[in-house]
Amino acid sequence: MKVPFVDLVSQYQGIRNQILPVIENIMGNAQFIMGEDVTLFEQEFAEFCTTKFAIGVDSGTSALELALRAFDIGTGDEVITVANTFIATALAISSTGATPVLVDINPETYNIDVEKIEGAISEQTRVIMPVHLYGQPADMDAILAIAKEHNLLVIEDACQAHGAKYRNLSVGSIGHAAAFSFYPGKNLGAFGDGGMVVTNDPQIADKLKLLRDYGQKEKYHHLIKGYNRRLDTLQAGVLRTKLRYLNEWNESRRRHASRYNELLQDSKATLPVNADFAEYVYHLFVIRIQHRNEILTYLQQNGISVGIHYPIPIHLQPAYADLGYQEGDFPVTEQYANEILSLPMFPELNDDQINYVTSILKEFK
Ligand SMILES: *Cc1c(COP(=O)(O)O)cnc(C)c1O
């Protein structure tokens, strides 16, 4: 049996009849840039996140970067984030000129350890950027309390958490702004790159609209030095169609996660902990296990695609040597980087595939 890590082909087959007329329509009227579907998708996605505004951009990385820029974050500022995340979180921060300041993870949730945030705050700190990693919200109440006390902004990296909830609040609606990615493999994925910033702040929303579109509100009248970071109309059309399925798809992911949990209960794997405040959307299903590299190879030899998210923490990446961190600075992140293993997880996964993955995993000696 072969089990892919994600299966975008079978997802497409399931919605082909809905998607093709949407694409045909956009091709037919040729409104490729800032067409009607962009505005409609922004309205629908804002509603989905229960925020007032949503601003479509060309990637999740751009969404993070432009959210920071909209608040005038740049050179001389520090942004606190987590050592265990995808590189894009840090790249977005450093591309504004600001410095990423890292914090270790909570050993249970693998998200930012809220106990360690205050120790990372300096005179230069302006923002806390929690990441809702693997689809589980970070502990937002604690983060908001620290931010309030120190007069900091909170910008959520929700790139892995479309539809997740923190104590019944949709992720993206909790901080001052939030960024989403529509990279194809995300819970809501385009047919290429795409992203979104959501916020309740009308001034920030206006600034984001300028930033993504050459700094113009009116064609050829450039109010600020902006960028070309718009969301394509074609991607917006695809995403509008897929958004209608997102809750159902997230429900399937949760069902698969509980089946994995049930079948792996008697295994040597440490299973993901669903925090009591979290409605987890399982972008990834991440276990920890000893002899991880050998097990990874064994699964691959048996036709199972797996991943590691992420094998090298941010502070040990050559790209961030300039931050001056050392091995040993974030011990939980470093230990987990050697033990984590992401099992196949996508809505169309079936019980036979989960049975197969878990039985191969358990038979490894
Ligand atoms: C995917 C991702 C991003 C970046 O999104 P892109 O659309 O690939 O630019 C940022 N942060 C996290 C945590 C992600 O998983």
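Everything numeric here is computed off the predicted structure, so don't read it as measured data.

Chemist: Mind laying out the pattern of salt bridges, listing which residues take part and the relevant values?
Modeler: Summed over all chains, the structure comprises 15 salt bridges. Across the pair D213 and R230 runs a salt bridge whose closest N-O atoms are separated by 2.8 Å. Of this pair, D213 sits in the loop between helix 6 (202-212) and strand 10 (216-218) while R230 sits in the loop between strand 11 (221-222) and helix 7 (233-243), placing them 17 residues apart in sequence. Assigned by exposure class, D213 and R230 land together as buried. Because the salt bridges share partners, they merge into one network encompassing D37, E44 and R240.

Chemist: Explain the packing of aromatic side chains to me, and be specific about the residues and the numbers.
Modeler: In this structure the tally under the stated criterion is 16 aromatic pairs. Arranged with centres 6.2 Å apart and planes meeting at 80°, the rings of Y110 and Y134 form a pair that is edge-to-face. Here Y110, found in the loop between strand 3 (99-103) and strand 4 (125-128), pairs with Y134, found in the loop between strand 4 and helix 5 (140-150); they are 24 residues apart in sequence, far enough to count as distant. The same class applies to Y110 as to Y134, namely buried. By way of ring pairs, the aromatic residues F41, F45, F48, F180 and F182 are connected into one cluster. Across from the ring centre of Y227, 4.8 Å away, lies the NZ or CZ of R229, which sits over that ring. Lying over the aromatic face of Y336, R288 brings its terminal NZ or CZ to 3.9 Å of the ring centre.

Chemist: So what's going on with the site of the ligand? Residues and values would help.
Modeler: As a matter of local geometry, the ligand sits amid 15 residues, with G60, T61, D157, S181 and K186 nearest to it. Within the side chain of S181, an N or O atom sits 2.6 Å from an oxygen atom of the ligand. Mapped by element, the contributors of at least two residues to the shell around the ligand are helix 3 (60-70) and helix 4 (87-95). A total of three residues in the shell around the ligand trace back to one element, the largest contributor, which is helix 3. Grouping the constituent residues of the shell around the ligand by class yields five nonpolar, eight polar and two charged.

Chemist: Describe in detail the domain arrangement of the protein chain, supporting the description with residues and values.
Modeler: Looking at the protein chain, the domain boundaries give domain 1 (8-104 + 111-243) and domain 2 (246-363). Between domain 1 and domain 2, the C-alpha centre-to-centre distance is 24 Å. Opposite the 40 residues of domain 1 that make contact, domain 2 presents 32 residues. Between domain 1 and domain 2 lies a buried interface of about 3100 Å² when both sides are counted; carbon and sulfur atoms form 59% of it. Across the contact surface, domain 1 and domain 2 share zero salt bridges. Linking domain 1 to domain 2 there are 22 residue pairs in polar contact (both at pLDDT 80 or more). Counting residues per element, the ones that place at least two in the side of domain 1 that touches domain 2 are helix 1 (8-29), helix 4, strand 3, strand 6 (165-166) and helix 7. Of all the elements, strand 3 adds the most residues to the side of domain 1 that touches domain 2, at five residues. Taken together, the residues of the side of domain 1 that touches domain 2 sort by class into 21 nonpolar, 13 polar and six charged.

The rules we used
Residues numbered from 1 in each chain as written. Predicted model: local features only at pLDDT ≥ 70, side-chain atom pairs only at ≥ 80, totals over all residues. Heavy atoms only, no water. Salt bridge = Lys/Arg side-chain N within 4 Å of Asp/Glu carboxyl O. Helix = DSSP H or I, 4+ residues; strand = E, 2+ residues; numbered from the N terminus. Buried < 20%, exposed > 50% of the residue type's maximum accessible area, 1.4 Å probe, protein only. Phe/Tyr/Trp six-rings, centres within 6.5 Å; stacked < 30°, edge-to-face > 60°. Lys NZ or Arg CZ within 6 Å of the ring centre and 35° of its normal. Near = heavy atom within 4 Å. Polar contact = N/O pair within 3.5 Å; in protein donor to acceptor, adjacent residues only side chain to side chain. Nonpolar A, V, L, I, M, F, W, Y, C, P; charged D, E, K, R; others polar. Domains from an automatic or database assignment. Contact = heavy atoms within 4.5 Å. Buried area = accessible area lost by both parts, 1.4 Å probe.

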